[in-house]
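Descriptive structure summary
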Amino acid sequence: MKNLRTHGKSTIVWVLMGLMVLGLGGFGVTSFSGGSTTIGSVGDTTITADDYARALRNQMNAYQQQTGQPISMAQAQAIGLPQAVQSQLITAAALEEQARRIGVAVGDEKVRQTILEAPAFRGPTGSFDRAAYAEVLRRENLSEAEFEREIRNDEARLLIQQAVAGGVSAPEPAVETTAKWILERRDVAWRELTADMLPAPVAEPDDTTLTAWHSANADRFTAPELRKITYVWLTPEMLAPTVELDQDALRAAYDANIDEYQRPERRLVSRLVFPSAEEAEAAKTQIDAGTAPFEAFVLQRGLQPEDAELGEVSQADLGTAGEAVFAAAEPGVVGPVQTDLGPALFSVHAILEPVNIPFEEAQKDLRAEAAIDRAARIIEDRTAEYEDLLAGGATLEQVAEETELELGSIDWSAGATPEEGSIAGYQAFRDRVQEISEADFPELASLDDGGVFALRLDEVVPPTLRPFEEVRAEVEADWRRAETQRQLLALAEEQRLSPPAPEGQPAPEWTEVEDITRDGWIEGVPAEAVSRAFAMSAVGDIEIVDAEGRVILLRLDAIDQADLTTEDAQRITGAVGDRLGQSLQSDIFDYYARAVQREAGITLDQQAINAINAQVQ
């Protein structure tokens with residue numbers, strides 16, 4: 001019944017099933033008692049304004065929690081969130097009205113048990129905490145009596161739900177039929193038809209044919225919308241060559257990153273400590289003799305190889321064992337060596353040479369990196385100056401004359417591959433180009449590498465059919481592809497209807513594939529082939545697969561019925577039964593809830609709803 005309960009959830013569910021996680025009061029709505037106290041009713045059961053505000057706020061919080069993005073009321077309305085909340089509240093009110101009419105109620109003990117078991121009300125010890133209970137209700141602007149009444153009503157609604165649909169299960173024939181459909185397997189064979197199989201090469205097209213093709217397929221030869229853009233920009237890389245750096249700054253950068261330029265010899269090492277020197281010696285003897293590797297002794301101790309790894313270490317890192325380990329001229333096992341932990345063997349996996357790059361050699365790289373960092377800071381410091389110029393009415397051309405920003409222009413279209421080093425390679429630039437209009441004034445914006453830019457839309461060139469003379473080669477290539485495909489499909493239809501090979505010629509080769517499933521694939525064939533294979537009705541049928549510019553003949557060789565007695569099949573059958581049963585339960589409950597609503601009658605105060613929507617921000 002877990003899925004059914006979502007149709008009748010009210011305050012108990014919104015509070016007990018995650019209210020604190022979703023952030024209470026996050027939208028600044030506390031009470032609507034100053035206006036209409038209800039937004040509607042089902043029969044004599046009212047839906048209060050506070051209930052609607054609380055439910056709407058919590059649903060918006062839940063959406064924000066799931067997406068990681070804040071949601072405004074306008075966005076919530078666009079996706080139908082207020083309507084969904086209203087539907088939930090109407091269903092809950094209908095069930096409450098029905099419970100009242102037929103006398104369904106729950107006792108005090110059930111209410112008490114529900115509150116005590118609610119995770120939202122547990123304290124640090126994991127048991128019910130009255131202070132937490134009071135705090136949650138305070139935040140939700142509910143008294144204990146009001147909340148407990150909501151619990152009582154919700155439990156009564158749940159009793160009705162269980163009575164209506166609790167015993168419903170999917171019919172066994174439907175479950176078996178569905179499971180067999182899912183688990184059915186098929187054997188197929190396929191072969192691809194290619195251009196070299198055509199009886200004759202594709203004929204050369206004349207200009208009349210191509211111009212007709214150009215006109216009939218204008219969308220393929222239409223240039224996209226073009227935006228003519230003028231811009232100014234400046235990046236740290238552009239400014240870096242003009243940045244002056246003194247030796248002290250370079251030396252400071254060198255010292256700050258000394259580990260990159262000065263590192264002693266290091267080694268990749270594993271260590272295994274033994275209970276006694278004798279055991280360590282015995283292990284070393286076997287290792288040297290080649291009768292057992294170092295790792296074998298690690299495993300004998302109940303460890304995994306990674307448990308013995310010390311990683312990349314210097315001689316100093318190994319303490320008293322460092323001298324012996326670093327004396328080894330090549331990888332291998334060293335020891336036994338006495339350590340603070342006892343006698344140990346060390347396995348040297350690799351020798352990493354020391355790094356010694358003096359300041360003089362590092363200066364070039366340091367200068368380039370430091371210049372970029374310094375240029376980024378300069379741009380940041382001068383951003384206000386650039387913004388003031390634009391705000392004062394300076395054109396992009398004037399800004400380029402008075403500052404370091406460089407002037408440029410570009411004809412931009414969505415989907416075009418930007419040239420290397422072009423400003424169009426920046427996402428921020430592309431986003432701004434798409435949203436700007438010819439009426440907008442240039443505004444300074446940031447690039448992700450610390451640069452800045454501003455742009456102006458000079459002209460929008462609408463999508464235009466490119467002249468035939470300009471795209472003749474493209475038109476001809478497109479026509480050839482289509483004509484080849486057409487002829488291959490015609491040839492495939494001939495061979496589908498007359499599969500035997502002509503006398504004196506070898507039979508065409510088919511690639512056979514066995515035991516494919518509905519969610520499987522056929523290697524080397526478009527995915528559509530699998531769905532076509534399961535749409536074929538009789539063994540021996542041949543179908544044509546026209547997909548991804550390829551023409552394939554697909555033959556059905558066998559239909560293997562599912563065996564529902566296997567363990568996997570029984571597991572899937574059980575899952576199918578659960579899913580179908582839940583679907584039936586949900587449908588039955590929906591029908592029942594709608595019938596109750598029709599019988600009791602629904603009224604809604606749209607003015608009150610609009611007022612709440614306007615205040616939920």
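Residues numbered from 1 in each chain as written. Predicted model: local features only at pLDDT ≥ 70, side-chain atom pairs only at ≥ 80, totals over all residues. Heavy atoms only, no water.

1. Observations regarding the sheet that holds strand S14 (residues 452–461)
Taken together, four strands build an open sheet; the order of strands is S12-S5-S14-S13 and the sheet is antiparallel. In this open sheet, the two edge strands, each paired with only one partner strand, are strand S12 (406–412) and strand S13 (445–446). Sheet topology places strand S5 (residues 226–234) next to S12; seven bridges connect them, and they run antiparallel. Counterpart to Trp233 in the pairing with S12 is Glu406. Most of the contacts of helix H20 (residues 427–435) go to S14, to which it runs at about 40°, and overall it touches S5, S12, S13 and S14. (Pairing = 2+ DSSP bridges. Helix = DSSP H or I, 4+ residues; strand = E, 2+ residues; numbered from the N terminus. Contact = heavy atoms within 4.5 Å. Axes fitted to C-alpha atoms, helices over the stretch in contact; angles between N-to-C directions.)

2. Quick notes on the confidence of the model for the chain
When pLDDT drops low, the exact placement of atoms in the prediction is not to be read closely. Confidence in the prediction for the chain averages 83 pLDDT; 90% of positions are at 70 or higher. A low-confidence stretch, residues 1–36 stays under pLDDT 50, and its non-local contacts, those more than four residues away or across chains, total 110 contacts. (pLDDT = per-residue confidence, 0-100.)

3. Digging into the packing of helix H5 (residues 81–102) against helix H23 (residues 567–600)
In contact at an axis separation of 9 Å, H5 and H23 are set at 70° when each is read in the N-to-C sense. Taken as axis vectors, H5 and H23 run roughly perpendicular relative to one another. In this structure, H5 uses Ile90, Thr91, Ala94, Leu95, Glu97, Gln98 and Arg101 to contact H23, whose residues at the interface are Phe589, Tyr592, Ala593, Val596, Gln597, Glu599 and Ala600. The class makeup of the residues in the contact of H5 with H23 is eight nonpolar, three polar and three charged. (Parallel < 35°, antiparallel > 145°, perpendicular 65-115°, else oblique. Nonpolar A, V, L, I, M, F, W, Y, C, P; charged D, E, K, R; others polar.)

4. Concerning the sheet that holds strand S8 (residues 309–314)
Think of a sheet as strands paired side by side through backbone hydrogen bonds, with each pair either parallel or antiparallel. In spatial order, the strands read S8-S7-S10-S9; together these four strands make up an open sheet with antiparallel pairing. Strand pairing shows two members of the sheet lacking a second neighbour, S8 and strand S9 (332–339), which therefore form its edges. Adjacent strand axes in the sheet meet at a mean angle of 35°, parallel and antiparallel pairs treated alike.

5. Overview of the nonpolar core
Ile39, Tyr52, Leu56, Met60 and Ile612 are the most contacted members of the largest nonpolar core, which totals 24 residues. At the level of elements, strand S1 (38–42), helix H3 (49–67), helix H4 (73–78), H5, H23 and helix H24 (606–615) are the ones that each hand at least two residues to this core. The next biggest cluster of nonpolar side chains, apart from the first, holds 17 residues, and it includes Leu234, Ile378, Ile379 and Val452. (Core = buried A, V, L, I, M, F, W, Y, C linked by side-chain atoms within 4.5 Å. Buried < 20%, exposed > 50% of the residue type's maximum accessible area, 1.4 Å probe, protein only.)

6. A word on the pattern of salt bridges
For the coordinates displayed, the defined rule picks out 35 salt bridges. Glu225 is paired through a salt bridge with Arg227; the nearest N and O atoms lie 3.3 Å apart. Take Arg227: its relative accessible area is 12%, and that puts it in the buried class. Because the salt bridges share partners, they merge into one network encompassing Asp44, Glu97, Arg100, Arg101 and Glu599. (Salt bridge = Lys/Arg side-chain N within 4 Å of Asp/Glu carboxyl O.)

7. Topic: the pairing of strand S17 (residues 542–547)
Pairing of S17 with strand S18 (residues 550–560) involves six bridges; the strand directions are antiparallel. Looking across to S18, one finds that Asp546 is bridged to Val551. Hairpin remark: S17 followed by S18, antiparallel, with two residues in the connecting loop; positive phi at Glu548, about 55°.

8. Things to note about the environment of Phe346
Along the chain, Phe346 falls in strand S10 (residues 342–352). Taking the relative accessible area as the measure of exposure, Phe346 reaches 1% and is therefore buried. Apart from residues no more than four positions distant in its own chain, Phe346 is found in contact with Val269, Ser270, Arg271, Leu310, Leu318, Ala321, Val325, Gly332, Val333, Val334, Val337 and Thr339.

9. What about the packing of aromatic side chains?
Within this structure, the stated rule accounts for eight aromatic pairs. When the ring of Trp233 is compared with that of Tyr426, the centres are 6.2 Å apart and the planes differ by 75°; the resulting orientation is edge-to-face. Taken as a pair, Trp233 in strand S5 and Tyr426 in the loop between S12 and H20 lie far apart in primary sequence, 193 residues in all. Relative accessible area serves as the criterion here: at 12%, Trp233 is assigned to the buried category. (Phe/Tyr/Trp six-rings, centres within 6.5 Å; stacked < 30°, edge-to-face > 60°.)

10. A short note on the packing of helix H9 (residues 172–183) against H23
Where H9 meets H23, the closest approach of the two axes is 9 Å, and the angle between their N-to-C directions is 125°. In terms of axis orientation, H9 runs oblique to H23. In this structure, H9 meets H23 at a crossing whose hand is right-handed. Of the residues in H23, those touching H9 at Ala174, Val175, Thr178, Ala179, Ile182 and Leu183 are Ala569, Ile572, Thr573, Val576, Gly577 and Leu580. (Left-handed = near helix turned anticlockwise from the far one by under 90°.)

11. Quick look at helix H22 (residues 528–535)
When H22 is considered as a whole, its buried residues turn out to be Ala529, Val530, Ala533 and Phe534. Looking down the long axis of H22, one finds its buried residues gathered within 130° of arc, a one-sided arrangement. On the buried face of H22, the contacting elements are strand S3 (185–193), strand S16 (511–516), S17 and S18. (Arc of directions from axis to C-beta.)

12. Structural notes on unusual backbone geometry
Here the bond from Gly335 into Pro336 is cis, since omega is 0°, no more than 30 degrees from zero. Summarising the element assignment, Pro336 is placed in strand S9. The phi dihedral of Asp515 is positive, around 55°, even though this residue is not glycine. With respect to the secondary-structure elements, Asp515 resides in strand S16. A positive phi is found at Glu548, a non-glycine position, where the angle reads about 55°.

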